[in-house]
Amino acid sequence: MFKEEIHYGDRTRQAGRRRMKQLRQGIIRPQDRRALHGCYRDEARDKVRLFLKHRFEQGMQTVLIITGRGKRSPGGESVVRQEVERYLSTQAQAWVAEWGRAPRQYGGEGALVVFLRQKK
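First, a word on scope: everything that follows refers to the structure included in this document.

### Let's talk about the sheet that holds strand β6 (residues 111-116)
Right, on to step 1. One open sheet accounts for four strands, arranged β3-β4-β6-β5; its pairing is mixed. The sheet is open, and its two edges are formed by β3 (32-35) and β5 (96-101), each paired on a single side. Across the sheet, the mean angle from the axis of one strand to that of its neighbour is 20°, orientation sign disregarded.
Right, on to step 2. Across four bridges, β3 lies against strand β4 (residues 62-66) in parallel orientation. Within β4, the residue paired with Ala 35 across the bridge is Ile 66.

And the structure:
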């Protein structure tokens, strides 16, 4: 089942329901997406770092990172998603305001929605 969570730094709290609801209803839409299928852990982290940095610099607000569900990963858990979640929680605060697992129409467990900080 989809859990609405937004992650702040190394803390997790329930999502701002309003923003996630707007995403599900199509009021907010991801402005770009980055697929990481077939990437190894380090490669995925590097691609996410560059993607977030560039989209932040372009003034985008909402992006989607497609990690896949990990069906081919050992234990059936997405190694790439775990690495991206760790990176978002620990090293991406300069660009990322909050993030969470994507609603079903944007990939559900196989994707992460990222709300970027606003440029000052």
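On we go from here.
### A closer look at the packing of aromatic side chains
Right, on to step 1. Scanning the model with the defined rule gives zero aromatic pairs in all.
Right, on to step 2. Against the face of Phe 115 rests Arg 19, its NZ or CZ located 4.4 Å from the ring centre.

### Some thoughts on the environment of Gln 105
Right, on to step 1. Turning to its location among the elements, Gln 105 is positioned in the loop between β5 and β6.
Right, on to step 2. Owing to a relative accessible area of 45%, Gln 105 belongs among the partly exposed residues under this scheme.
Right, on to step 3. With 82 residues separating them along the chain, Gln 105 and Leu 23 place their C-alpha atoms 9.6 Å apart.
Right, on to step 4. Ignoring any residue separated from it by four or fewer positions in sequence, one finds Gln 105 in contact with Leu 23, Arg 24 and Gln 25.
Right, on to step 5. Polar contacts involving the side chain of Gln 105 include one to the main-chain carbonyl oxygen of Arg 24, which spans 2.6 Å.

What counts as what
Residues numbered from 1 in each chain as written. Predicted model: local features only at pLDDT ≥ 70, side-chain atom pairs only at ≥ 80, totals over all residues. Heavy atoms only, no water. Pairing = 2+ DSSP bridges. Helix = DSSP H or I, 4+ residues; strand = E, 2+ residues; numbered from the N terminus. Axes fitted to C-alpha atoms, helices over the stretch in contact; angles between N-to-C directions. Phe/Tyr/Trp six-rings, centres within 6.5 Å; stacked < 30°, edge-to-face > 60°. Lys NZ or Arg CZ within 6 Å of the ring centre and 35° of its normal. Buried < 20%, exposed > 50% of the residue type's maximum accessible area, 1.4 Å probe, protein only. Contact = heavy atoms within 4.5 Å. Polar contact = N/O pair within 3.5 Å; in protein donor to acceptor, adjacent residues only side chain to side chain.

None of this, on its own, says anything about what the molecule does.
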